[in-house]
Every structure is written in C-alpha cells, then in structure tokens.
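Architecture at a glance
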Amino acid sequence: MTSDPSAIGAFSAIGTGLVLVVAVVGLILGVMSVRRPGSQILAGIAIGITAAQLVGIIISWVSNLFYALPF
C-alpha cells in the first residue's frame, strides 16, 4: 500500500466515478420503466434513490472543490 495522498485521491475518484456511472444507468432505467404500463411505484423508488445518489455525488465534488480551491 502507498500512503501518497494523490494516489488515495485517485482511488477515491475512480470509485466515485464508477458509482456515478451506476447511478446514471439506474436513473435511465427508472425513467424508462415509468413509461411502461402497470405499477410505477418501484420505478419511482428507483428514480428517487438514484437522484439522491447523484445529488450526493455532486455536492461532494463541489464541497471538495471549494475545500481544495484555496490551496
């Protein structure tokens, strides 16, 4: 293992990027399933969870940007 701060940041960015991709795919699938006939409760739950995840990722990135900006 390395204790280089930039390496730790890179691993974190890769993990967050993968979560972002999965959340976007989940949001797309949720929106696609809303258009199908039948019960839309599960589709609404999927849209809500993935939208909350996307908002969390964006807020995290922006807060990290404002934290790193003065340096």
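In short, a report on the structure. It should be emphasised that the depicted structure is a prediction, and the values quoted were computed from it without experimental measurement.

Considerations on the environment of Ala46
Topologically, Ala46 is positioned in helix 2 (residues 41-68). Residue classification places Ala46 among the partly exposed positions, given a relative accessible area of 28%. In the structure, Ala46 is positioned 23 residues away from Ala23 in sequence and 9.7 Å away in space, judged by C-alpha atoms.

Concerning a nonpolar patch on the surface
A contiguous nonpolar patch, built from Val21, Val24, Val25, Ile28, Leu29 and Met32 and spanning about 530 Å² of accessible area, is present on the exposed surface. Checked against the element boundaries, Met32 lands in helix 1 (residues 5-34).

With respect to the packing of helix 1 against helix 2
The interhelical angle for the contact between helix 1 and helix 2, taken along N-to-C directions, is 150°, at an axis separation of 8 Å. By the angle between their axes, helix 1 is roughly antiparallel relative to helix 2. Where helix 1 crosses over helix 2, the two elements pack in a sense that is left-handed. Each of Thr16, Val19, Leu20, Ala23, Val24, Gly26, Leu27, Gly30, Val31, Ser33 and Val34 in helix 1 lies in contact with helix 2, whose residues at this interface are Ala43, Ala46, Ile47, Thr50, Gln53, Leu54, Ile57 and Trp61. Its residues assigned to classes, the contact of helix 1 with helix 2 shows 13 nonpolar, six polar and no charged.

Criteria and cut-off values
Residues numbered from 1 in each chain as written. Predicted model: local features only at pLDDT ≥ 70, side-chain atom pairs only at ≥ 80, totals over all residues. Heavy atoms only, no water. Helix = DSSP H or I, 4+ residues; strand = E, 2+ residues; numbered from the N terminus. Buried < 20%, exposed > 50% of the residue type's maximum accessible area, 1.4 Å probe, protein only. Patch = residues over 30% accessible without salt bridge, like charges linked within 9 Å, V, L, I, M, F, W, Y side chains within 5 Å. Areas by Shrake-Rupley, 256 points an atom, 1.4 Å probe, with all protein chains shown as cover. Salt bridge = Lys/Arg side-chain N within 4 Å of Asp/Glu carboxyl O. Axes fitted to C-alpha atoms, helices over the stretch in contact; angles between N-to-C directions. Parallel < 35°, antiparallel > 145°, perpendicular 65-115°, else oblique. Left-handed = near helix turned anticlockwise from the far one by under 90°. Contact = heavy atoms within 4.5 Å. Nonpolar A, V, L, I, M, F, W, Y, C, P; charged D, E, K, R; others polar.

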